[in-house]
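The primary structure of each chain is shown beneath.
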Amino acid sequence: MKRSGNFIEMDRKEFFEWLINEKVTRKITHTQEHHTYQPDYDDCGRYSNLQLVLNMSNYHRNTRGWSAIAQHITTFKDGKIVVGERSFNSNPAGIAGHNSGGICMEHVGYFDKGKDSMTEEHKKTIAFVTAALHFKFNLPVNTQTCVYHTWFASKTCPGTNFFGGNTKADAIKYFYPVVEKELAAMKGVSYKPTSAPAPKPAPTSSKVNSSVTHIEVITASLWTYNSPDWDDKAIVVNDGEVFTVTEKIKVGGGYMYKLKSGLYITANEKYVKPTTLKKQSVEKKKELVEVTVNSLWTYASKDWDDKELIVHKGEVFTIVGTYKVGGGTMYKLKSGLYITANTKYVRKLK
Ligand SMILES: [Zn+2]
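**Q** Honestly, the overall build of the chain in this entry has me stumped. Any pointers?
**A** Broken down by element type, the chain carries 6 helices and 22 strands. Once the C-alpha set of the chain is aligned to its principal axes, its extents read approximately 70 × 45 × 40 Å. Taking all 350 residues of the chain together, 38% fall into the buried category. In the chain, of all internal contacts separated by at least 6 residues, the share reaching a separation of at least 24 is 63%.

Structure representation (structure tokens):
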């Protein structure tokens, strides 16, 4: 995290934490995608990200006469994100006549066909930041809630080659699926492309009373489910792993527990048994790791940017490997996911 004047530069993880904690009282109805056109990628080589934002701020305030920089968020070629000066509680100066309720993102570059070729880091950041805003403000992703400047003005912004094109059809085909995938990871569910065949109606399910707060898996491997539907398989969990239960549900002829991660698991006592966290920590002999903070990311690979699911305090997972990743350490879990080994967030059970 770096600061200069009114601005803060962050990476994706820092931005997510910053955004989640930001108090926003204005009603947010949509997000706006813009490219800056000027400055462009060449300028990214000449100035630091913060300097580019300071230059834009000066221009917007001194030449255009606005009270603050036009946008809430600026993203860069190297994947970094800058916020500041334009409060999330004030409308942006992004789209004439369509700023009320908007959050304005300016992506530094000129993304018309044949101009700047967007880097992979930048693509990932744009999808991530958009998804994080839709997560924070609980917005669906559609042509009303996630808009391109060009739909309201005779400009090409955010560029004729922005994620494959700048029309509504392009947004639906190329951009929204990438945003939805990031959003699903933030919600801790598996992403199912909308182009997939429509799912059949889920079996009827109803909540039942239960005093179970945690369960332990007592079979070698066991499916979890994205919804209360035995056909909607998510990820496999393993013997000895412990999960937090939020409710018990009757699904078709059987029962499921809903887990705090949003996933569902069978309640059949052949496969899971009710447990308490304390008992768990003294009984286990193999290598297990327990989450000690309220929510924590897991990763799909040995990459701190490759976030997958959020797990919760008191949940226990089987460790199958330990790896140095960048300046930190990750455990590989039996499910195939990775988690930090930092003792600020997890503890190893003996
Ligand atoms: Zn624009």
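This is not the end of the story, as more comes after the structure.
**Q** What is the right way to look at the nonpolar core in this model?
**A** Taken as a class, soluble globular proteins show a tendency for nonpolar side chains to be buried jointly. Residues Val129, Ala132 and Val179 are the most contacted members of the largest nonpolar core, which totals 36 residues. Residue assignment for this core shows that the elements contributing at least two residues are helix H1 (12-21), helix H3 (49-63), strand S5 (81-84), strand S6 (102-107), helix H4 (120-136), strand S7 (146-148) and helix H5 (168-187). Look past the residues within four positions of Val179 in its chain and what remains in contact with it is Ala127, Thr130, Ala131, His134, Val141 and Cys146. Among the nonpolar cores identified, the runner-up in size contains 33 residues, and Met256, Leu263, Val316 and Tyr338 belong to it.

**Q** Can you help me understand the pairing of S6 in this one?
**A** Each regular strand displays side chains that alternate between the two surfaces of the sheet. When you tally the buried positions in S6, you get 6 out of 6 residues, the bulk of the element. Along S6, one buried face is formed by Gly102, Cys104 and Glu106 and the opposite face, lined by Ile103, Met105 and His107, is buried too. By the bridge criterion, 3 bridges tie strand S4 (residues 73-75) to S6 in an arrangement that is parallel. Opposite Thr74, over in S6, you have Glu106 as the bridge partner.

**Q** Quick question: what am I supposed to make of unusual backbone geometry here?
**A** Where the residue is not glycine, phi is negative for most of them; where a peptide bond is considered, it is trans in most cases. Cis geometry marks the peptide bond from Gln38 to Pro39, where omega comes out at -5°. Summarising the element assignment, Pro39 is placed in the loop between strand S3 (30-35) and helix H2 (41-46). The linkage connecting Cys157 with the following residue, Pro158, adopts the cis geometry, with an omega of 5°. Mapping Pro158 onto the fold places it in the loop between S7 and H5. In this model, Tyr37 sits at a positive phi of 65°, which is unusual for a non-glycine residue. Even without being a glycine, Phe163 presents a positive backbone phi close to 45°.

**Q** I would appreciate a short explanation of the environment of Leu263 in the present structure.
**A** The topology assignment puts Leu263 in the loop between strand S13 (254-259) and strand S14 (264-266). On the neighbour-count criterion, Leu263 (23 C-beta atoms within 10 Å) is buried. When near neighbours in sequence (up to four residues on either side) are disregarded, Leu263 contacts Thr224, Tyr225, Asn226 and Ala234.

**Q** It is not clear to me how the environment of Trp18 should be interpreted in this structure. Could you clarify?
**A** Relative to the helices and strands, Trp18 resides in helix H1. The class of Trp18 is partly exposed, set by 15 C-beta atoms lying within 10 Å. Measuring from C-alpha to C-alpha, the distance between Trp18 and Val83 comes to 9.8 Å, with 65 residues separating the pair along the chain.

**Q** Teacher, can you tell me more about H3 here?
**A** A turn of α-helix holds 3.6 residues, and therefore any two residues three or four places apart point the same way. With 15 residues, H3 extends 21 Å between its outermost C-alpha atoms, agreeing within 8% with the 21 Å of an ideal straight helix rising 1.5 Å per residue. Every buried residue of H3 is accounted for by Asn49, Leu50, Val53, Met56 and Ser57. Projected down its long axis, H3 carries its buried residues within an arc of 120°, all on one side. Exposed and facing more than 90 degrees away from the buried side of H3 are Asn58, Asn62 and Thr63. Buried positions along H3 lie against strand S1 (2-4), strand S2 (7-10), S4 and S5. One or two positions beyond H3, positive phi appears at Gly65, with a value near 80°.

**Q** In this structure, what is going on with the pairing of strand S20 (residues 328-333)? I would like to understand it.
**A** Pairing of strand S19 (residues 316-325) with S20, which is carried by 6 bridges, proceeds in the antiparallel orientation. Along S20, the bridge assignment pairs Val325 with Gly328. If you look at the hairpin formed by S19 and S20, you'll find 2 residues sitting between the two strands, and Gly326 has a positive phi there, around 60°. Where S20 hands over to strand S21 (residues 338-340), the hairpin turn is made up of 4 residues, of which Gly336 adopts a positive phi near 100°.

**Q** Help me out: how do you make sense of the sheet that holds S4 in this one?
**A** Across the sheet, 7 strands lie side by side as S1-S2-S5-S4-S6-S3-S7; this open sheet has mixed pairing. The sheet is open, and its two edges are formed by S1 and S7, each paired on a single side. When strand polarity is set aside, the average angle formed by the axes of neighbouring strands in this sheet is 25°. Where S3 and S6 come together, 6 bridges link them in parallel fashion. Across the sheet, residue His35 finds its bridge partner in S6, namely His107. Its contacts with the sheet place H3 against S1, S2, S4 and S5, and it is angled at close to 145° to S2.

**Q** What should I look at first to understand the packing of H4 against H5 in this one?
**A** Angle between the axes and distance between the axes: these two values describe a pair of packed helices. Between H4 and H5, the shortest axis-to-axis distance is 8 Å and the interhelical angle comes to 55°. The angle between H4 and H5 places the two elements in the oblique class. Like other packed secondary-structure pairs, H4 and H5 cross with a definite hand, here right-handed. Contacts from Ala127, Phe128, Thr130, Ala131, Ala132, His134 and Phe135 of H4 reach H5 at Val178, Val179, Glu182, Leu183, Met186 and Lys187.

About the criteria used
Residues numbered from 1 in each chain as written. Predicted model: local features only at pLDDT ≥ 70, side-chain atom pairs only at ≥ 80, totals over all residues. Helix = DSSP H or I, 4+ residues; strand = E, 2+ residues; numbered from the N terminus. Buried ≥ 20, exposed ≤ 12 C-beta atoms within 10 Å, placed from the backbone. Contact = placed C-beta atoms within 7 Å. Core = buried A, V, L, I, M, F, W, Y, C linked by C-beta atoms within 7 Å. Pairing = 2+ DSSP bridges. Expected span 1.5 Å × (residues − 1). Arc of directions from axis to C-beta. Axes fitted to C-alpha atoms, helices over the stretch in contact; angles between N-to-C directions. Parallel < 35°, antiparallel > 145°, perpendicular 65-115°, else oblique. Left-handed = near helix turned anticlockwise from the far one by under 90°.

Distances and angles like these do not, on their own, reveal function.
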